[in-house]
Amino acid sequence: MNKDFFILGIETSCDETSVAIVKNGREVLACEIATSVPLHQETKGVVPEVAARAQIEAMIPVIKRTLNTAQVDWKDISKIAVTQGPGLMGSLLVGVCTANILSLTKNIPLVGVPHIWGHMYANLLETDFEPQFPSLVLTISGGHNDLYLWKSHGEFKKLGHTLDDAAGEAFDKCGRMIDLPYPAGPFIGKLSEQGNAKAFAFPRSMVHSRDFNFSFSGLKTAFLYKLEELRTQNSELTDQLRFDLAASLQEAIVETLWKKVEKALEIYDVKEVHLSGGVSANKRLREFFTHELAKKEKTLRFPKNIKYCTDNAAMIACAAYFCNFPEGILAPSLQSK
Ligand code: KG4
Ligand code: ZN
């Protein structure tokens, strides 16, 4: 009988301190996440030094909680996997230094995982399906907005990326303009449920370009101008206006993302489309893609548990199980693959 393989994952690329233990690549025995989001509410965005300080404080307690929840001992852990980059340098250093020390003192091999690969592998957590290669993966979060062709385990070809802002950043920055807390994406999703998505015609940038790149900065500007126009017409922004603004913004983002995926489907013969990253938690995005892909007889995949859409260490452990990363002592990397 094959021995079970336990990987301890560490993720600290932005404002989360997460540690997980994953058995045989997919079974999450524990995934603890401490977030410093409340510390960033006042500034309505992450302050890197504040995030890194909070991670230093959180790291040891989070490791202890993870081992305790998983009921796994250090001697059972076969590998340590840490997010190597990209991300905030101070935050990455906390995770990478911790992982280096654990690897040396516990004598456990260490691998570095690109953050985005973690997001892509999050779709396998707590599932048993085999991904159909090749497939398309749209990785959409606050910092990334990439379209990949997933050829085999550990082999991705980047088809396109954002030329400026990521979809999550557009959600967050526009949400900030209508006084939503950080991160605004989930709040926009909620407000949209009561809004009219056709109320405002926001731009769908680059949908007619021949490449697979994205741009969301024009949408942000259009949102700001619309808001200024509304504020000069009405002394206050009514609830209904906020609902309509949120729904129209969300629809513009979802349709823009879809148009690029649709274009890629004309060229690449794939059976599955994967959504990953924080924005893949968006309900409307999932509904829209499910509907459109059903018409094309393609399968949509996204993280089974909403917890695995946003940053977490289980996805890092999962990627380390399926891909062959070189082992050794690490330094953070700012390069995305
Ligand atoms: O993957 P993630 O945790 O961090 C990065 O790697 O950036 O993604 C965070 C992003 C934020 O921009 C947040 O607003 C967005 O994901 N997000 C959402 C939703 N949940 C999180 N955006 C839209 N709808 C949601 N339900
Ligand atoms: Zn992320």
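Use the structure listed above.
Structure report, in brief. (Residues numbered from 1 in each chain as written. Chains lettered and ligands numbered in written order. Predicted model: local features only at pLDDT ≥ 70, side-chain atom pairs only at ≥ 80, totals over all residues. Heavy atoms only, no water.)

Our focus in this paragraph is the overall build of the protein. Assigned secondary structure in the protein consists of nine helices and 10 strands. At 20 Å, the protein has a C-alpha radius of gyration in line with the 20 Å of a compact globule built from 337 residues. Projected onto its principal axes, the C-alpha coordinates of the protein cover approximately 65 × 45 × 30 Å. When each of the 337 residues of the protein is scored for burial, the buried share is 56%. Taken as a whole, the protein presents about 14,900 Å² of accessible surface, with 52% of it coming from carbon and sulfur. On the protein, the mean spot of the 37 positive side-chain charges and the mean spot of the 39 negative ones are 3 Å from each other. (Helix = DSSP H or I, 4+ residues; strand = E, 2+ residues; numbered from the N terminus. Rg over C-alpha atoms; globule rule 2.2 N^0.38 Å. Buried < 20%, exposed > 50% of the residue type's maximum accessible area, 1.4 Å probe, protein only. Areas by Shrake-Rupley, 256 points an atom, 1.4 Å probe, with all protein chains shown as cover. Lys, Arg positive; Asp, Glu negative; His and termini not counted. Charge placed at Lys NZ, Arg CZ, Asp CG, Glu CD.)

Turning our attention to the coordination of the zinc ion (ligand 2). Metal coordination angles in their ideal form are 109.5 degrees for the four-donor tetrahedron and 90 or 180 degrees for the six-donor octahedron. Coordination sphere of the zinc ion (ligand 2), protein contribution only: His115 (NE2), His119 (NE2) and Asp311 (OD), at 2.0 to 2.1 Å. We note that the donor set of the zinc ion (ligand 2) lies within a single chain, spaced as H-x3-H-x191-D. Residue histidine 119 is found in helix H3 (residues 115-121), and its partner aspartate 311 is found in the loop between strand E10 (299-301) and helix H9 (314-322); the two are separated by 192 residues along the sequence. The two residues histidine 119 and aspartate 311 agree in class, both being buried. (Donors = N, O, S within 2.8 Å, 3.2 Å for Na, K, Ca; no water.)

Moving on: the pairing of strand E9 (residues 272-276). For E9, a buried count of five out of five residues is recorded, marking the element as mostly surrounded by other parts of the structure. Here E9 shows two buried faces, one formed by Glu272, His274 and Ser276 and the other by Val273 and Leu275. Pairing of strand E6 (residues 135-140) with E9, which is carried by four bridges, proceeds in the parallel orientation. In the strand pairing of E9, leucine 138 is matched with leucine 275. Alignment of E9 against E10, held across three bridges, turns out to be parallel. Bridge assignment links valine 273 to a residue of E10, and that residue is leucine 300. With helix H8 (residues 283-295) bridging E9 and its parallel neighbour E10, the resulting β-α-β unit is right-handed. (Pairing = 2+ DSSP bridges. Right-handed = clockwise from strand over helix to strand, strands pointing away.)

The next point concerns the pairing of strand E5 (residues 110-114). Within E5, five of the five residues are buried, leaving the element largely enclosed by the surrounding structure. With burial as the criterion, each face of E5 is covered, one bearing Leu110, Gly112 and Pro114 and the other bearing Val111 and Val113. Here five bridges tie strand E4 (residues 77-85) to E5, and the two strands are oriented parallel to one another. Residue pairing in the sheet places valine 82 in a bridge with glycine 112 of E5. Note that the unit made of E4, helix H2 (residues 89-106) and E5 has a crossover that is right-handed.

The next subject is H9. Counting buried residues along H9, eight of its nine residues qualify, which places the element largely inside the surrounding structure. Taken residue by residue, H9 has Ala314, Met315, Ile316, Ala317, Cys318, Ala319, Ala320 and Phe322 as its buried positions. Looking at the buried side of H9, the elements it contacts are strand E1 (6-11), strand E2 (16-23), strand E3 (27-35), E4, E5 and H3. (Contact = heavy atoms within 4.5 Å.)

Everything listed here is a matter of coordinates, which is why it stays silent on function.
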